[in-house]
Amino acid sequence: MNEITIFSPATVANVSCGFDAMGFALESLGDEMIFKKTESKEVVISKIEGANLPFEACNNVAGVVAQNMLKDANADFGLDIQIFKNFKPGSGLGSSAASASGTAYAVNELLSKKYSNLELTKFAMQGEVTACGSAIADNVAAAIYGGFVLIRNYEPLDIVSIPTPSELVATVIHPQIEIKTEDARKVMPSEIPLKTAIGQWANVGGLISGLHASDFDLIGRSLVDNVAEPVRKGLIPHFDAVKEASIKAGALGTGISGSGPSIFALSEGIETANKVKEAMHAVYKDSGIDFTLYVSRISTTGARAI
Ligand code: HSE
C-alpha cells in the first residue's frame with residue numbers, strides 16, 4: 001500500500017464524570033487526511049485546509065506522530081500528508097486528537113499494521129503533548145478504538161472499550177469561542193474533597209454499567225460532573241441555560257465536551273437528539289455568538305480508511 005485516505009472522528013472527552021478517563025467518538029463529524037509514501041524519508045505536510053495550523057512537521061501534531069512512528073519502525077519511506085479539518089481547534093471536540101489518531105491509524109496501515117491499538121494510542125498521545133503540553137489519552141483513545149473508552153490506567157496505559165448502545169445519539173453545540181485545553185486545565189483544582197471524589201467515581205461506575213446494560217436512565221443519572229464542570233462552566237457562555245433546555249427537551253444528560261467550549265448531550269434515539277438540538281439552538285440564537293450544532297450517532301470504529 002502506497003497511499004491511504006482516512007476519516008478520523010471528533011471525540012467527546014470526559015463524558016461528564018470521567019475527567020481524563022473517558023471519551024467517545026462521533027460518527028458523522030471528523031477530519032479527512034491523505035497520506036502518500038515518498039522516497040525521501042522526510043515527513044512533509046503539503047496541504048492544510050479548514051484551520052490555521054503549522055506546516056513544519058516538527059510543530060504539527062500529525063507531523064510529530066508520523067515522524068515518531070517512521071523512526072520507531074525504521075521505515076524506508078517518508079510521507080506526504082494532506083489535512084482537511086472539518087471542525088476547529090480549540091472546540092473541545094478533540095481536533096488535535098483527530099489529527100494525531102488519524103495519523104497513527106494511517107501510518108500503521110502503511111506499515112502493514114505493525115502496531116496494536118494500544119501502541120497507536122501511545123503514539124497519538126505524543127501528538128497531544130505537541131498540541132496542549134499534556135499526554136492525555138481520552139480523546140485519542142476514543143478516536144482510535146471508536147465507541148466509548150475508559151482509560152483505566154495511564155502508567156502503564158490500559159484502555160478498556162465499553163459497549164455503545166446503538167440507540168444512543170449525541171447532540172453537540174460548538175459556540176465559536178476558543179478555549180485552549182492548556183488554559184482550561186489551569187482552572188482545575190489540584191485536590192478535591194473525599195466526598196466529591198466518592199460521587200465522581202460512583203458516577204463513572206454507574207455510567208459504565210448503564211452503557212453495558214443499555215440502561216438509559218442509569219446513563220442519564222450518571223452524567224454528573226462535580227469536579228471539572230463547576231470550575232469550567234464559567235468559561236462557556238449560557239452553559240446552565242443549554243443544560244437546562246437540553247434536559248427539558250429529553251436529553252439523558254448534558255455536560256462540557258472535553259475542555260470546552262462545546263457542550264454535548266446524550267439522548268435515546270435520533271428524534272429526541274433533534275429536539276435537543278432545537279432546544280440548544282433556541283438558547284444561542286440571540287446570543288450574538290456564532291455557533292454550530294451537530295447531531296451524531298456514536299462511531300463504533302474510530303479512525304478508518306475511506
Ligand atoms: N480531559 C481533557 C480535559 C480533555 O478535560 O482537560 C482534553 O483531552
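Throughout this document, residue positions are counted from 1 along each chain, in the order its sequence is written. Per-residue local features are limited, in this predicted model, to residues with pLDDT of at least 70; the limit for side-chain atom pairs, both in listing and counting, is 80 or more; totals at the level of whole chains, interfaces and linings are taken over all residues. Think of the side-chain values as coming from all heavy atoms in the structure, minus any hydrogens and water.

Description of the overall build of the protein
Then step 1. Think of it this way: any DSSP run of H or I at least four residues long counts as a helix, any run of E at least two long counts as a strand, and we number them from the N terminus. Each helix and strand counted, the protein has ten helices and eleven strands in total.
Then step 2. Over its C-alpha atoms the protein spans a radius of gyration of 19 Å, differing by no more than 12% from the 19 Å that the globule rule assigns to 306 residues.
Then step 3. Once the C-alpha set of the protein is aligned to its principal axes, its extents read approximately 55 × 40 × 35 Å.
Then step 4. Exposure categories follow from relative accessible area, calculated using a 1.4 Å probe and restricted to protein chains: below 20% of the type maximum is buried, above 50% is exposed, and the middle band is partly exposed. By the burial criterion, 56% of the 306 residues in the protein qualify as buried. Values of the radius of gyration come from C-alpha atoms, whereas the globule rule sets the reference at 2.2 Å times the count of residues to the power 0.38.

Re the sheet that holds strand S10 (residues 291-297)
Within a sheet, each strand pairs with its neighbour through backbone hydrogen bonds, oriented either parallel or antiparallel.
Then step 1. Here the rule is simple: two strands pair whenever DSSP picks up at least two bridges between them. As summarised here, the arrangement of the four strands in space is S8-S9-S7-S10, forming an open sheet in which the pairing is antiparallel. One side of each edge strand has no neighbouring strand; the edge strands of this open sheet are strand S8 (253-256) and S10. If you compare each strand with its neighbour and ignore which way they point, the axes differ by 20° on average.
Then step 2. Whether two residues touch is decided by their heavy atoms; if any such pair falls within 4.5 Å, the residues are in contact. Lines fitted to the C-alpha atoms define the axes, with helices restricted to the stretch that makes contact. Angles between their N-to-C directions range from 0 to 180 degrees. Taken strand by strand, helix H9 (residues 239-248) contacts strand S7 (168-175), S8 and strand S9 (263-268), and its axis lies near 160° from that of S8.

A closer look at helix H10 (residues 270-284)
Then step 1. The end-to-end C-alpha separation of H10 is 21 Å, in line with the 21 Å expected for 15 residues at 1.5 Å each.
Then step 2. Within the span of H10, buried status applies to Thr272, Ala273, Val276, Ala279, Met280 and Tyr284. Considered in projection along H10, the buried side chains sweep an arc of 130° and stay on one side of the axis. Opposite the buried face of H10, by more than 90 degrees, sit the exposed residues Glu271 and Glu278.
Then step 3. In this fold, the buried residues of H10 make contact with S7, H9, S9 and S10. Expected helix span is taken as 1.5 Å per residue step, with the number of steps being one fewer than the number of residues. The directions from the helix axis to the C-beta atoms form the arc being described.

Digging into the site of the ligand
Then step 1. We define proximity as follows: a residue is near a molecule or strand when any one of its heavy atoms falls within 4 Å of that partner. Around the ligand lies a shell formed by Ala13, Asn14, Phe19, Asp20, Ile136, Asp138, Asn139, Thr181, Arg185, Arg232, Gly258 and Ser259.
Then step 2. Contacts described as polar in this section are N or O atom pairs within 3.5 Å, which, within protein, must combine one atom able to donate a hydrogen with one able to accept it, while residues neighboring in sequence count only if both atoms come from side chains. Side-chain polar atom of Asp138 to a nitrogen atom of the ligand: 2.5 Å apart, as the coordinates give it.
Then step 3. Taking Arg232, its side chain carries an N or O atom lying 2.7 Å from an oxygen atom of the ligand.
Then step 4. The accessible surface values rely on the Shrake-Rupley method and a 1.4 Å probe; as for residues, cover is taken only from the protein chains in view. Its free accessible area being 260 Å², the ligand has 97% of it covered by the protein chains.
Then step 5. Those elements giving two or more residues to the shell around the ligand turn out to be helix H4 (138-145) and helix H5 (181-186).
Then step 6. Looking at side-chain class alone, the shell around the ligand contains three nonpolar, five polar and four charged residues. In the scheme used here, Gly and all other residues not listed as nonpolar or charged are polar, with Ala, Val, Leu, Ile, Met, Phe, Trp, Tyr, Cys and Pro taken as nonpolar and Asp, Glu, Lys and Arg as charged.

Considering the packing of aromatic side chains
Then step 1. Aromatic contacts are taken between Phe, Tyr and Trp rings whose centres are within 6.5 Å, Trp giving its six-membered ring; a plane angle under 30 degrees counts as stacked, one over 60 as edge-to-face, and the others as tilted. All chains considered together, the criterion is met by four aromatic pairs.
Then step 2. Taking 4.8 Å as the distance between ring centres and 35° as the angle between the ring planes, the aromatic pair formed by Phe24 and Phe148 counts as tilted. Here Phe24, found in strand S2 (residues 22-38), pairs with Phe148, found in strand S5 (residues 148-153); they are 124 residues apart in sequence, far enough to count as distant.
Then step 3. On the basis of relative accessibility, which here comes to 0%, the residue Phe24 falls in the buried class.
Then step 4. An aromatic cluster is built from Phe24, Phe148 and Phe264, whose rings are joined through pairwise contacts.
Then step 5. Placement of a positive charge over a ring is assigned whenever Lys NZ or Arg CZ falls within 6 Å of the ring centre and within 35 degrees of the normal to the ring plane. Geometry around Phe87 places Lys85 over its ring, the cationic atom sitting 5.7 Å from the centre.

A word on a nonpolar patch on the surface
Then step 1. Residues with no salt bridge and a relative accessible area higher than 30% make up the patches, which join like charges within 9 Å and nonpolar side chains (Val, Leu, Ile, Met, Phe, Trp, Tyr) within 5 Å. By convention in these notes, a salt bridge is any Lys or Arg side-chain nitrogen within 4 Å of a carboxyl oxygen on Asp or Glu. On the surface, a cluster of nonpolar side chains totalling about 190 Å² of accessible area is made up of Val187, Val231 and Leu235.
Then step 2. We classify Val187 as partly exposed; its relative accessible area is 34%.

Regarding the environment of Pro261
Then step 1. For Pro261, the location among the structural elements is in the loop between S8 and S9.
Then step 2. With residues up to four places along the chain from it excluded, the contact list for Pro261 reads Gly90, Ser91, Gly92, Ile173, His174, Pro175, Ile177, Ile179 and Ile236.

A look at the packing of helix H1 (residues 61-72) against helix H2 (residues 95-110)
Then step 1. For the pair H1 and H2, the least separation of the axes is 8 Å and the interaxial angle reads 30°. Overall, the two elements H1 and H2 adopt an arrangement that is roughly parallel. Classified by chirality, the crossing of H2 by H1 is right-handed. Across the interface between the two elements, Val61, Ala62, Val65, Ala66, Met69 and Leu70 from H1 touch Ser96, Ser99, Ala100, Thr103, Ala104, Val107 and Asn108 from H2.
Then step 2. Among the residues making up the contact of H1 with H2, the classes are represented as nine nonpolar, four polar and no charged. Should an angle fall under 35 degrees it is taken as roughly parallel, and over 145 as roughly antiparallel, whereas 65 to 115 is taken as roughly perpendicular and any remaining angle as oblique. For any helix crossing, the convention is left-handed if the near helix is rotated counterclockwise from the far helix by under a right angle, and right-handed if that rotation is clockwise.

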